[in-house]
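# Observations on the model geometry
The residues making up each chain are set out below.
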Amino acid sequence: MGGAVGGAVGGAVSLPWLMRELQGNILRAYGERYRVVRHLVLTVDDAAAARLALGLMVDGDRSTPDVTSAERPPREAGYRWCLNVGFTFAGLAAVGVPASSLDTFPPEFTKGMVARAARLGDVGDSAPGRWVGGLADTQRVHLVVTVHGWTRADVDQICEEVMAAARGRAFSPISDDVFDGEVLYDPVTGRRIVHFGYADGISQPRFLGVHDPSAAPDQLPLAPVGVVLLGYPSAIPSVNWNVPQPDVLGRNGTFNAFRVLGQDVAGFDDFLARVEGDHGVDRELTAAKLCGRWRSGVPLSLAPTAAEAEAFHEDRHLNEFDYVDGDPDGVVCPIGAHIRRTNPRGAHIVQRSSNRSRALIRRGIPYGPRWDPDDAATRDAPRGLLGNFFCASLAAQFEAMQYDWVNLGFQDPRITGTNDPMIGANDPATSTFSWPRQGTEPLVLRGFKRFVVTRGGAYTFLPSLPALRWIAGQTG
Amino acid sequence: MGQVSAVREAWAGFRRYLRDPMRAPSVMLGSVLTAFWSRVEGPLDVPQRSSLAPSDNLQTPMNLVMPLRFPQVAFRGQLGKMLFQETDQILVGLNNVGTVHFARFDVIEGNLCMFSIFDGDFNGYIRDFIGVIGQAFDRIMDFVEDPAPTPCGSHVDEFIEWVRLHDALQLPELATDVTSDLVALQRRTLVLLHQHPNVQMGIYRGYPGYSVAQIRDGLGIGW
């Protein structure tokens, strides 16, 4: 099976060629050492200066930090940082991409995340009017420059150099708010986690010709690269997403939903305690049922009990399961659990052609201090996740996931009308989570709040490196 | 006598004309004003509701009105033959979309119409049915004026936009969804009607708030 890696990826395209063309962190994550991140949200002050700066960021000259290609193996090369550049639709216009090209971008991208708020469940406290950092100012949010580094000092230095490019005349931050994140580790296990305490980064789509399926078995088949890159067959037979024109601009680009997601860890913890008090259920079991995995990352489908999860030490096999056989009614892993909702794997779902077509590449790093109920100084500090969700079609993947599956439970009639218990737009007046049990009535949990609140976001386009050179060469 | 009778008849006709609510001076004046308001307001669309109530996302109508290239009966006959040929693909495909309550093709006064009720997001619905009956729609494009580019599956965004333009405007079911400014309700409604010749006004649902799959599941006929 390993022979497939490095062969043809899509058509006659070879993997080494493709990796030279792409921005990094899309097909493959940067890796464990890059544990600090900053997202610079910028507005273009001077189009010509911005194009000059962008040109310097892809020309290989070390005077300005270069956008990281997917080819560069950061760890081996000893680079202490990585750099990505994403453009909003307004940003592409601001740097002089001609209208004839702008007209070829898909409508959800041209309208932007703010205009799609209701579709995404960004209402109430999550509505754009409550967003931070100027992210709701669609006309001024032009670029999201993301810098990953080994340390905060590495990131600070590269951000300074980016802002100083083209004599500092190119762009400026849209607000004083900073979007800084840092990987969290479980103090006991040392495992990488999110604020809610779950192990992070376990399940991601893997691609034909890119990943070696034998490295970490997964019952899901490898996905075509067209799930995330423009210019290749999508996961839906006979459907190909439009490639923005000219071809050099669109091909090998990807769209990104950048999200600032606040996480109410105290509220989540309170809910687990309430369930324990009301129903006598252990908190960790409730946490596992809501998510579909134990906080260690072990899936309920492989370890239905805490004891089995405790004894499970085969990290390579954390994705080697499906819902097709053995658990059609969700007795082991509830149908409404977070991971089953957002990735039904091979299970029978209402939209029969969509099991694998809505896959997203998720690259997220937490922000804010780790939650400690005994630390009064940080207990109420903002915390959450700075997330990038890469896909070839924001409408068919990211939005469809949010609209149909996370917030409606449309994929299975037994959960239709309920929202994802962890990331859904829940309201205590209507929220419901059904927990089927063997030989008895399901345990129905109600009255829980929204644990993840949108604090901001933007739809961006991450062009290939040739596309960045093309943009830098525009004269408009 | 003949002339007197003709004058009386004309006078009676004029009085009927004045009494006809559809031709009353106020209606005519309203039409003139609507044309003016429409120019002032620019293109209006129905605002999107921000509610996340599940029933907002279920049982949404689509009323696709596609003018035929030719009105002749022989042409309509060819259309009918093509739809018969594609019936299996269309039925199996819509079944696989999984979110369609019903869908039907009608020919009405020179238009091929596809009326359907579906669950979920409009764009998602169109994308899903391109995925399963895109080839049938490629053939339909041969019969309609100003067709969408084909194959539909390679021009997804253009096809979705084309469908949106040919979908009859659905006037909101609540007046407050037209505008929160009820003083402006009549004016905005008139402008919407002026700008959208095909409009759906009102809908009844016998089982509101249920998806196709929930109904099929409840009936025990699989979903």
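These figures come from a predicted structure and were not determined experimentally.

## Digging into the domain arrangement of chain B
Segmenting chain B into domains produces domain 1 (1-42) and domain 2 (60-167). Placing the centre of domain 1 of chain B and that of domain 2 of chain B at their C-alpha centroids yields a distance of 40 Å.

## Brief notes about the sheet that holds strand S2 (residues 100-108) of chain B
All names here are of chain B. One open sheet holds the 3 strands; their spatial order is S1-S3-S2, and the pairing between them is antiparallel. Two strands bound the open sheet, and with one partner strand each, they are strand S1 (60-67) and S2. Neighbour to neighbour, the strand axes of the sheet diverge by 10 degrees on average, direction disregarded. Both S1 and strand S3 (residues 111-118) contribute to a ladder of 8 bridges, which runs antiparallel. When the bridges of S3 are listed, Met66 appears paired with Leu112. Across the sheet, helix H3 (residues 73-97) lies against S2 and S3, angled at about 170 degrees from S2, the strand it touches most.

## Side note on unusual backbone geometry
Residue A:Pro246 is reached from A:Gln245 by a cis peptide bond, and omega for that bond is 0 degrees. Within the secondary structure, A:Pro246 is located in the loop between strand S9 (192-193) and helix H9 (247-250). Each neighbour pair has its own omega, and for B:Thr150 with B:Pro151 the value is -5 degrees, a cis peptide bond. Mapped onto the fold, B:Pro151 is located in the loop between helix H4 (122-140) and helix H5 (156-166). The phi dihedral of A:Ser238 is positive, around 75 degrees, even though this residue is not glycine. As for its position among the elements, A:Ser238 is in the loop between S9 and H9. For A:Ser238, a count of 16 C-beta atoms within 10 Å gives the class partly exposed. Phi at A:Arg345 is positive, roughly 50 degrees, even though this residue is not glycine. By the secondary structure assignment, A:Arg345 is in the loop between helix H13 (338-342) and strand S11 (361-367). On the neighbour-count criterion, A:Arg345 (19 C-beta atoms within 10 Å) is partly exposed.

## Here we look at the pairing of strand S4 (residues 81-87) of chain A
Residue and element names in this part refer to chain A. Burial runs high along S4: 7 of the 7 residues are buried. With burial as the criterion, each face of S4 is covered, one bearing Trp81, Leu83, Val85 and Phe87 and the other bearing Cys82, Asn84 and Gly86. Looking at chain direction, S4 and strand S5 (residues 143-149) are connected through 7 bridges and run antiparallel. Counted as the bridge partner of Val85 is Val145 from S5.

Procedures and definitions
- Residues numbered from 1 in each chain as written.
- Chains lettered and ligands numbered in written order.
- Predicted model: local features only at pLDDT ≥ 70, side-chain atom pairs only at ≥ 80, totals over all residues.
- Domains from an automatic or database assignment.
- Pairing = 2+ DSSP bridges.
- Helix = DSSP H or I, 4+ residues; strand = E, 2+ residues; numbered from the N terminus.
- Axes fitted to C-alpha atoms, helices over the stretch in contact; angles between N-to-C directions.
- Contact = placed C-beta atoms within 7 Å.
- Buried ≥ 20, exposed ≤ 12 C-beta atoms within 10 Å, placed from the backbone.

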